Amino acid sequence: MEAALLDELSELLRIPSVSADSAHSADVVAAGEWICAFLRRAGGGCELLDWHGQPLAVGELRASENPESAPTVLCYGHFDVQPPAPLEEWQSPPFEPTVRDGWLYARGVADDKGQLWMLLQAAAGLAADGRLPVNVRFACDGEEETGGHSIVEFLEADERGADACVIFDSSMLARGVPCFNLSARGMAYFHLRLRTGARDLHSGMFGGAALNAMHALMRTLQAVVPGPDGLLSEPLRAGIVPPTEDELAAWRTLQPGAEVLADQGARPSDATAAEEFYPRTWAGPAVDVHGIEGGSPILQKTVLPVFAEANLSIRLAPGQDVDEISAAMERLLREAVPEGADLEIERWSYSPPGLVRPDERAVQLGLAAFERVLGVRPLLVRSGGSLPIVPALAEKGIPTVITGFDLPEGNIHSPNERLLLEYLPLGVAAARELFLGYAAL
């Protein structure tokens, strides 16, 4: 990689733009201003907007010829990063980019500054050569790691739109195994409070006769957690869009689910969980209880608790409606609560799922472009996580390619985050070919 390009990227990586820490608010803004300055130097325009208190960099590089009739490609990335703690586990300072053993180490190098830089550099290079065939719009936020609502609101208000969207904020499945992510699951997150009386009681005097809040909460949760077969009840599976045969064929070539679980030190939840790993985590809903509190789980305390609470969520499969499934969750929970128990349910947060059809022209052109550069056609996969921007783009009718050059061993969100140094110019080359290919849109 050219030293000048590495120095350029290092400037951005040195900015400690930690959005979760208010002490770094000015740094988040500085990172957004760096994006704007880059696009202006490349001959485009860019403005750092204050979007309801959040910095949003919005800019554009116009097509080299006939921009009024050229296709428009929207690029999204984020310039905020995760907190670097624990600092003592870093082998080099998190905000001092360091090359070691063929890797570039720095907080944000993979998630997402380094990958966003690939898109910026590709568009700027084509513009400098007079070969940029599409208008490339950039909309980049500084709060992805703490919510990501500003970019969604921007898209909702944006009247111009685009013919395609490109997001480099993902990973390869392994070295040399690129993939395009066609979906993200949605999520609805709930907090439950359950009360069974006025005060805790002596378990010797009242145990077996008085309602125990912990027992009542466990019975209530049983109505929505997976059954012995690992599947949720039908009301929580309504609306699922199943994967295509092409997707299923691609997934069968991946690392077996049993190995994926074992590599993470995890154990299968039921007899068929490993075999069905990818369809379950990418194309199905999942309910998980994240925490239960009540009574005293540490001290030896013989009381009958009358108050208990829990956090739980449901990941929504592509095609499911967040309000419909949320209502089904609440109905099942209320129907299951034992008589005499008072249940309060709050939905703390939610985001809908998003899905891009694999036969979209933007996806097919993208697959061909990557194959020309990488020598291998990306696999079509889905994401088990939730990305609020994906359904927002789908709602606007903008087909999206979500891909990236991170690796499973890239340590994102952990100490010693890193990206293979050779993947930086490779990512730029792939992005250039992608923009060139999108001239056909």
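These numbers come from a predicted model, not from an experiment. (Residues numbered from 1 in each chain as written. Predicted model: local features only at pLDDT ≥ 70, side-chain atom pairs only at ≥ 80, totals over all residues. Heavy atoms only, no water.)

A. Here's a closer look at the sheet that holds strand β4 (residues 98–100). Sheet architecture is open: three strands sit in the order β4-β5-β18, paired in antiparallel fashion. Looking at strand neighbours, the two that pair on one side only are β4 and β18 (418–420), the edges of this open sheet. Across this sheet, the average inter-strand angle for adjacent strands is 30°, counted without regard to direction. Bridge count between strand β5 (residues 103–105) and β18: three bridges; the pairing is antiparallel. By the bridge assignment for β18, W103 is matched with L420. (Pairing = 2+ DSSP bridges. Helix = DSSP H or I, 4+ residues; strand = E, 2+ residues; numbered from the N terminus. Axes fitted to C-alpha atoms, helices over the stretch in contact; angles between N-to-C directions.)

B. Spatial organisation of the pairing of strand β1 (residues 45–51). Relative to strand β2 (residues 54–61), β1 is paired through seven bridges, and the arrangement is antiparallel. Looking at the pairing, E47 lines up with V58 of β2. From the end of β1 to the start of β2, which pair antiparallel, there are two residues, and H52 there has a positive phi angle of about 55°.

C. Structural context of the environment of L12. Structurally, L12 can be placed in helix α1 (residues 3–13). Spatially, the C-alpha atoms of L12 and L299 are 50 Å apart, while their sequence positions differ by 287 residues. Setting aside its immediate chain neighbours within four residues, L12 contacts A31, W34, I35 and K113. (Contact = heavy atoms within 4.5 Å.)

D. Main features of the side chain of H78. Inspection of the secondary structure assignment puts H78 in strand β3 (residues 72–78). Among the polar contacts listed, one links the side chain of H78 to the side chain of D80, at a separation of 3.0 Å. Within polar-contact distance, the side chain of H78 engages the side chain of D169 at 3.4 Å. Non-local contacts of H78, meaning those with residues more than four positions away in its chain, are made with D111, D112, K113, L116, D141, E144, E145 and D169. (Polar contact = N/O pair within 3.5 Å; in protein donor to acceptor, adjacent residues only side chain to side chain.)

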